[in-house]
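Descriptive analysis of the structure
Each chain is listed here by its residues.
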Amino acid sequence: MENTAQRRWTTRVGDWFEERFNVRRPLEAFLKKPVPKHAIRWYFCLGGLTFTLFIIQGITGILLSLYYKPTPEDAYDSILFIMNNVRFGWLIRGIHSWSATLMIAMCLAHMLRVYITGAYKRPRELNWVAGVVLLLLTLAFGFTGYLLPWDQKALWGSTVGSEILGVVPLVGEALLGLLRGGPDITGLTMTRFYGIHMLVLPVLTFIFLGAHFIIIRRQGISGPL
Amino acid sequence: MSEPTEEGRERTLDRPVTRRGLLKYVLLGFSAAATAAGTLTPVVAYLWPPRREGSQSGERVAIASTGDLPVGTGQVFSVNNKPVLVVHAEEGFKALSAVCTHLGCIVAWNEQRSVIACPCHEAFFNLNGAVISGPPPEPLPAYRVQVEGDQVYVEGAES
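What follows is about the overall build of chain A. Looking only at helices and strands, one finds 10 helices and zero strands in chain A. Each helix and strand of chain A, placed in order from N terminus to C terminus, yields the pattern α-α-α-α-α-α-α-α-α-α. The C-alpha atoms of chain A give a radius of gyration of 22 Å, which is well past the 17 Å a tight globule of 225 residues would have. When the 225 residues of chain A are sorted by exposure, 22% land in the buried category. Within chain A, counting contacts between residues at least 6 apart in sequence, those at least 24 apart form 71% of the total.

Let us now look at the environment of Asp 184 of chain A. All names here are of chain A. With respect to the helices and strands, Asp 184 occurs in the loop between α9 (172–180) and α10 (187–219). You can call Asp 184 exposed: it has 11 C-beta atoms within 10 Å. Sequence separation between Asp 184 and Ser 162 is 22 residues, and the spatial gap between their C-alpha atoms is 9.9 Å.

A few words on the sheet that holds strand β4 (residues 92–97) of chain B. Residue and element names in this part refer to chain B. Pairing is antiparallel across the open sheet formed by six strands, whose spatial order is β1-β10-β9-β4-β3-β2. Two strands lie at the open edges of the sheet, namely β1 (61–65) and β2 (74–79), each paired on one side alone. Across the sheet, the mean angle from the axis of one strand to that of its neighbour is 30 degrees, orientation sign disregarded. Where strand β9 (residues 142–148) meets strand β10 (residues 151–155), five bridges bridge the pair, whose relative direction is antiparallel.

Moving on, we come to the nonpolar core. Of all hydrophobic cores here, the largest spans 22 residues; its most connected members are Val 84, Leu 85, Val 86, Ala 95, Leu 96, Val 107 and Val 154 of chain B. Among the elements of the structure, β3 (82–89), β4, β6 (115–118), β7 (123–125) and β10 of chain B are those that each provide at least two residues to this core. Ranked by residues supplied to this core, first place goes to β3 of chain B with four residues. Contact partners of Val 107 of chain B, with chain neighbours within four places excluded, come to Leu 85, Ala 98, Cys 100, Ile 116, Ala 117, Cys 118 and Phe 125 of chain B. In this structure, Leu 64, Ile 79, Val 86 and Trp 150 of chain A belong to the second largest nonpolar core, which totals 16 residues.

Parameters and conventions
- Residues numbered from 1 in each chain as written.
- Chains lettered and ligands numbered in written order.
- Predicted model: local features only at pLDDT ≥ 70, side-chain atom pairs only at ≥ 80, totals over all residues.
- Helix = DSSP H or I, 4+ residues; strand = E, 2+ residues; numbered from the N terminus.
- Rg over C-alpha atoms; globule rule 2.2 N^0.38 Å.
- Buried ≥ 20, exposed ≤ 12 C-beta atoms within 10 Å, placed from the backbone.
- Contact = placed C-beta atoms within 7 Å.
- Pairing = 2+ DSSP bridges.
- Axes fitted to C-alpha atoms, helices over the stretch in contact; angles between N-to-C directions.
- Core = buried A, V, L, I, M, F, W, Y, C linked by C-beta atoms within 7 Å.

By themselves these figures say nothing about function.
Right under this line is the structure:
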């Protein structure tokens, strides 16, 4: 058919996949859900902004991991190397650091919007819970990432921050040891925080983000005030 | 979502590109290309092998010609990303770390009094790096200096 040649190449690629997998209808139902009129407001974008910042953190974090060395001897020097010798290293590290702060700010702003519009109420209680878990994960990202430059600010920030865990009744001391990998902040704490920051938290965050998004698609956005 | 009919799609393709349409595609295309270039350039440059191995390598660095540093003067230079104070004394060139061992301020050569002075807490060092007065707990570490022809070289950045 001469028709085939005239159709857009994107349509033809889409048809090729459709012929094999037959997912166009469910995908469109999921992706092309119209946004209700009352939700077309800037303050309904805060959650999406948080997610965008998370993606930026993922990309810049992977880039930083290519030069960063997670040992007490090399960490600070590797960061100087990123800042002074790697092209645009200052930019990538700066974006990672600023986006981290902004991500927490956007998280809180998003929660404030959800709270004010009453979007946490029945039947959306569990999505609020998933959101609170995501906030805690974001804070954990910030806390573990703070130690990694291994400068004075990092060391004492982590010392004071983790000491809070030590005042838990009865098991405080054990929890503190578990978090630090010993009684003090050492190289063991650093590799621990590095592993949590790079592997544990991203996996958990993706799981809870997935749940967060699937639930909101399933239940729809809450109604107008 | 209603799929456009086969005829409808064909008609769209047959229609010549309008002035508005062309402008739209050019502007959109330019925006997309500029955004992609602006994002990808730093990332590719970041991944590109860095120029120098950096502070770990203590390689020899040419810092100045002897004419730039007359006898009795001193200046701070960047050697492998570390600040190094080079002084042209009567007996020859001296190079010391310019980071004060007290709280890390950058020291300077005081020409009038012929001492190394830290501006932060009134600390003074002599040309061997030893503390004359003030709070620093340790002397300034020394660097090796070499003069070849009229070029001054400083070697190494220990640790």
